[in-house]
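# Observations on the three-dimensional arrangement
Each chain, written out:
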Amino acid sequence: MSSPEISVAELSKHATPEDCWVLVNGKVYDLSNFAPNHPGGADMVYAYAGKDGTTTYNQYHSASLIEKTLSPSEKKGDIDDSTITSTWLEAQKAELTSAPDPNEKPPLDAIINLDDFEKAFAATGSKKANAYIEGASNDLLTLQANKTHWQRLFFRPRVMRNVSVVKTSSTLLGVKVKMPVWICPMGIAKTAGPEGEAALAKGAASSGIVHCVSTTASMSVEEIVGATGSDWPFFYQLYVDKQRHKTEAVLRQLASIPQIKALFVTADLAVVSKREADERVRVQATVSVYANGAKSGIDKKGGGLARSTGSFIDWSLNWDDLAWLRRHTNLPIVVKGIQSAADAKTAMELGCAGIVVSNHGGRALDGAPSTLLVLMEIRRDCPEAYERLEVFVDGGVRRGSDILKAVLLGARGVGVGRPFQCSVAYDTEGVEHCAGIIQDELETAMRLCGITDLDKVRGDMSWLNNAELAPLLPPTSNAGGGLWRRLFGARL
């Protein structure tokens with residue numbers, strides 16, 4: 001039986017806290033019972049009583065979340081479009097959050113590098129979305145080191161090579177890719193644009209790279225994977241929940257989705273760090289994480305999206321839990337968040353398929369080493385890890401030439417996060433444009449360096465000059481450092 005149609009006049013009658021109906025995406029919902037339990041406060045719901053809350057809802061939530069949350073009796077029916085008047089529409093314009101001004105957004109063809117995406121989003125995205133996406137821990141020391149250290153690693157180009165044809169294609173955990181790049185799991189992508197993670201999924205597939213879906217995505221994993229309309233592969237990033245049965249349920253869910261090819265287990269964020277920019281911007285709109293229903297809110301510490309939506313993360317996760325994970329999944333396990341050669345060795349000895357050298361984009365421990373330094377430390381102190389594991393890296397990568405540097409150090413693949421998240425403001429086309437910039441810069445760097453095939457030079461450090469960075473590495477007693485000294489002649 002079809003749902004009854006609700007007139008605007010009828011909707012407007014239910015405009016009190018005790019009788020609160022709200023229009024969302026063309027459907028009318030009775031939120032009277034839900035509002036008092038709303039994590040962002042009941043007032044946020046009451047502000048839209050008898051009105052249209054679609055715009056604010058869609059800024060942050062998956063379209064299907066409200067259908068999943070409410071009971072059948074709370075779903076009152078479709079709005080009767082024939083009853084909508086211009087007067088009623090004018091009354092819906094009041095917004096509680098600052099929305100982007102589309103008139104200020106530069107045209108996509110004016111975006112010529114990855115930094116341009118972040119600059120454009122800074123000018124046009126909401127203050128809260130910018131604080132969430134661009135923010136990092138405490139004094140931003142690690143965030144800044146991630147970026148600047150890539151700029152201090154130099155090439156040793158060779159000339160007079162035939163570079164008319166270059167090959168960037170490779171494999172990541174058995175997945176064939178056009179270039180060794182994957183989109184980092186940033187979470188809550190609908191804060192950047194209405195397509196959210198669907199834009200990342202479609203853009204990755206059409207560009208021949210892999211999107212790593214976040215546990216804290218604003219859409220369900222089925223919606224994200226299904227957005228491509230194909231069998232294009234994905235990775236999945238896992239935060240282990242304090243309620244372990246919830247993580248086990250997620251793993252059962254992933255087992256039914258053949259496009260998911262690997263499990264990236266986040267290990268560098270036992271607790272969500274202090275991200276002051278995110279905490280300072282307080283808005284009443286509540287953001288939801290699709291997978292576990294965690295919602296943002298405001299308390300005495302501030303209004304941090306990351307902290308309030310990440311409170312479910314299990315502090316007790318440890319190396320022994322790899323055995324537990326293996327009992328519940330057959331996916332290759334990659335430990336994400338390695339920040340020392342010692343932990344790289346542990347992951348290798350415990351039989352992991354790979355590691356991600358990562359510090360959460362500077363969002364975990366402030367003062368942790370840049371990911372490039374850790375990549376170099378592993379090369380010096382545990383070089384066998386590059387043979388026995390697939391070593392990935394992310395953090396501060398902003399140029400195609402950074403991809404080439406990582407591969408020359410031995411990395412199998414390189415993750416890019418913030419620029420792709422900001423590109424969602426331009427929907428799928430923006431994600432494709434972002435990937436295209438990286439592809440073009442990578443090929444250009446290869447040609448200017450005299451390299452024609454990435455797979456053939458992976459781990460060949462003779463193409464690099466790291467004289468500026470070698471003194472920043474920690475002391476070592478590992479005899480394996482001899483190879484490093486022969487190649488670079490650096491005092492360690």
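Residues numbered from 1 in each chain as written. Predicted model: local features only at pLDDT ≥ 70, side-chain atom pairs only at ≥ 80, totals over all residues. Heavy atoms only, no water.

### Some details on the confidence of the model for the chain
For the chain, per-residue confidence averages 87 on the pLDDT scale, and residues scoring 70 or more make up 85% of the total. Low pLDDT, under 50, characterises residues 302-308; the stretch is placed with 31 contacts to residues that sit more than four places away or in other chains. (pLDDT = per-residue confidence, 0-100. Contact = heavy atoms within 4.5 Å.)

### Considering the sheet that holds strand β15 (residues 354-357)
Read around the barrel, eight strands follow the order β10-β11-β12-β13-β14-β15-β16-β17 and close on themselves; strand pairing throughout is parallel. Neighbouring strand axes in the sheet, compared pairwise and without regard to direction, differ in orientation by 30° on average. (Pairing = 2+ DSSP bridges. Helix = DSSP H or I, 4+ residues; strand = E, 2+ residues; numbered from the N terminus. Axes fitted to C-alpha atoms, helices over the stretch in contact; angles between N-to-C directions.)

### Notes on the environment of Asp366
Checked against the element boundaries, Asp366 lands in the loop between β15 and α16 (371-381). Overall, Asp366 belongs to the buried group, its relative accessible area being 16%. Separated by 223 residues in sequence, Asp366 and Leu143 have C-alpha atoms that sit 7.9 Å apart. When neighbours within four sequence positions are excluded, Asp366 is seen to be in contact with Ser137, Asn138, Asp139, Leu140, Leu141 and Thr142. Only 2.9 Å separates the side chain of Asp366 from the backbone nitrogen of Asp139, close enough to count as a polar contact. (Buried < 20%, exposed > 50% of the residue type's maximum accessible area, 1.4 Å probe, protein only. Polar contact = N/O pair within 3.5 Å; in protein donor to acceptor, adjacent residues only side chain to side chain.)

### Considering α16
Across the 11 residues of α16, 11 count as buried, placing the element largely inside the fold. Within α16, burial applies to Thr371, Leu372, Leu373, Val374, Leu375, Met376, Glu377, Ile378, Arg379, Arg380 and Asp381.

### Observations regarding the packing of aromatic side chains
Throughout the structure, instances matching the rule amount to six aromatic pairs. Ring centres of Trp182 and Phe392 lie 6.3 Å apart, and the angle between their planes is 90°; this geometry places the pair in the edge-to-face category. Of the two residues, Trp182 is situated in strand β10 (residues 181-183) and Phe392 in strand β16 (residues 390-394); the sequence distance between them amounts to 210 residues. The exposure class assigned to Phe392 is buried, which follows from its relative accessible area of 0%. By the ring-pair criterion, three or more aromatic residues cluster together here, those being Trp182, Phe235, Phe264 and Phe392. Note that Lys105 overlies the ring of Tyr426, its terminal NZ or CZ placed 4.7 Å from the centroid. If you follow Arg158 out to its NZ or CZ, it ends over the ring of Trp463, 4.0 Å from the centre. (Phe/Tyr/Trp six-rings, centres within 6.5 Å; stacked < 30°, edge-to-face > 60°. Lys NZ or Arg CZ within 6 Å of the ring centre and 35° of its normal.)

### Re unusual backbone geometry
One non-glycine residue, Leu140, lies in the positive phi region at around 65°. When you line up the elements, Leu140 lands in the loop between α7 (127-134) and α8 (141-151). In this structure, Ile188 takes a positive phi of about 45° despite not being glycine. With respect to the secondary-structure elements, Ile188 resides in the loop between β10 and α9 (197-207).

### Topic: the packing of α8 against α16
Contact pair α8 / α16: the axes reach a minimum separation of 7 Å and the direction vectors enclose 60°. When α8 is examined against α16, the residues Asn146, His149 and Trp150 are found in contact with a partner set consisting of Thr371, Leu372 and Leu373. Considered class by class, the residues forming the contact of α8 with α16 number three nonpolar, three polar and no charged. (Nonpolar A, V, L, I, M, F, W, Y, C, P; charged D, E, K, R; others polar.)

### Re the pairing of strand β12 (residues 234-238)
With five of five residues buried, β12 is to be regarded as a mostly interior element. Along β12, one buried face is formed by Phe234, Tyr236 and Leu238 and the opposite face, lined by Phe235 and Gln237, is buried too. Note that strand β11 (residues 210-213) and β12 share two bridges and pair parallel. Each residue of the ladder has a partner; that of Val213, found in β12, is Tyr236. Remark: the β11/helix α10 (residues 221-226)/β12 crossover connection has right-handed handedness. As paired elements, β12 and strand β13 (residues 260-266) share five bridges and run parallel to each other. Note that in β13 the partner of Leu238 across the bridge is Val265. Handedness of the β12-helix α11 (residues 244-255)-β13 crossover: right-handed. (Right-handed = clockwise from strand over helix to strand, strands pointing away.)

### Notes on the pairing of strand β3 (residues 19-24)
Here is the key point about a regular strand: its side chains alternate between the two faces of the sheet. For β3, the tally of buried residues reaches five of six residues, placing the bulk of the element in the interior. In the sheet, strand β2 (residues 15-16) pairs with β3 via two bridges, with the strands oriented antiparallel. Within β3, the residue paired with Thr16 across the bridge is Asp19. Following β2, the chain reverses through two residues before pairing antiparallel with β3. As judged from the four bridges shared by β3 and strand β4 (residues 27-30), these two strands associate in the antiparallel manner.

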